[in-house]
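# Structural description and commentary
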Amino acid sequence: MIDSLGAAIAAGGKLTITGLRGASPALAAGLVNTCCCIVPDDQMLPGFERDLRLFTARPIIVFPGYDIPPYARLSPDPGGAAQRLSALYRMLEAGKEAIILTCAEALARR
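As a starting point, this report considers the structure included with it. Worth saying up front: this structure is predicted, and the values here are computed from it rather than measured.

## Quick look at the side chain of T102
Within the fold, T102 resides in strand β3 (residues 99-103). Among the polar contacts made by the side chain of T102, one reaches the main-chain carbonyl oxygen of F63 at a distance of 2.8 Å. Apart from residues lying up to four places away in sequence, T102 is in contact with C36, C37, I38, V39, L45, F63 and L107.

Put into structure tokens, the structure is as follows:
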């Protein structure tokens, strides 16, 4: 699989991969040049980040989700807001070298 994946990446074509389990999604993401990995929920971010660090030396930028529901009349945690702002700044600095890791909920918010 890794040889065919490497050939598809080298050809520059569109690549769709399904059915990966365990750490194999992290391996595939580590082989791709420009990558944004989206996991289903915030609790999966630390484990996927650890898996990615096994397969690549490129910078990994984690954009965390929010800790409160979208329509709650509460202010978000200042620490979480600082992490998101830091991630956005690091995305600008890293350019196309970085792998961006986030959850679906973080992308759904403005």
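Now that the structure has been shown, the text picks up again.
## A closer look at helix α4 (residues 78-94)
Here α4 is 17 residues long and its end C-alpha atoms lie 24 Å apart, about the 24 Å a rise of 1.5 Å per residue gives. All of the buried residues along α4 are G80, R84 and A87. End-on, the buried residues of α4 take up no more than an arc of 60 degrees, which puts them together on one face. Set apart from the buried face of α4 by more than 90 degrees, the exposed residues are P78, L85, Y89, L92 and E93. Where α4 ends, the next residue or the one after it, G95, has phi of about 70 degrees, a positive value.

## Thoughts on the side chain of T56
Position of T56 relative to the elements: it lies in the loop between α3 (45-55) and β2 (60-63). Of the polar contacts made by the side chain of T56, one reaches the backbone nitrogen of R58; its length is 3.1 Å. In this structure, T56 is in contact with G30 and I99, ignoring residues within four places of it in sequence.

## Digging into a negative patch on the surface
A cluster of like negative charges, contributed by D41, D42, D67 and D77, occupies part of the molecular surface. Relative to the elements of secondary structure, D77 occurs in the loop between β2 and α4. By relative accessible area, D77 is classed as partly exposed at 36%.

## Observations regarding the pattern of salt bridges
Per the counting criterion, the structure on display carries 1 salt bridge. E49 is paired through a salt bridge with R53; the nearest N and O atoms lie 2.7 Å apart. Of this pair, E49 and R53 both sit in helix α3, separated by 4 residues, roughly a single helical turn.

Rules of the game
- Residues numbered from 1 in each chain as written.
- Predicted model: local features only at pLDDT ≥ 70, side-chain atom pairs only at ≥ 80, totals over all residues.
- Heavy atoms only, no water.
- Helix = DSSP H or I, 4+ residues; strand = E, 2+ residues; numbered from the N terminus.
- Polar contact = N/O pair within 3.5 Å; in protein donor to acceptor, adjacent residues only side chain to side chain.
- Contact = heavy atoms within 4.5 Å.
- Expected span 1.5 Å × (residues − 1).
- Buried < 20%, exposed > 50% of the residue type's maximum accessible area, 1.4 Å probe, protein only.
- Arc of directions from axis to C-beta.
- Patch = residues over 30% accessible without salt bridge, like charges linked within 9 Å, V, L, I, M, F, W, Y side chains within 5 Å.
- Areas by Shrake-Rupley, 256 points an atom, 1.4 Å probe, with all protein chains shown as cover.
- Salt bridge = Lys/Arg side-chain N within 4 Å of Asp/Glu carboxyl O.
- Lys, Arg positive; Asp, Glu negative; His and termini not counted.
- Charge placed at Lys NZ, Arg CZ, Asp CG, Glu CD.

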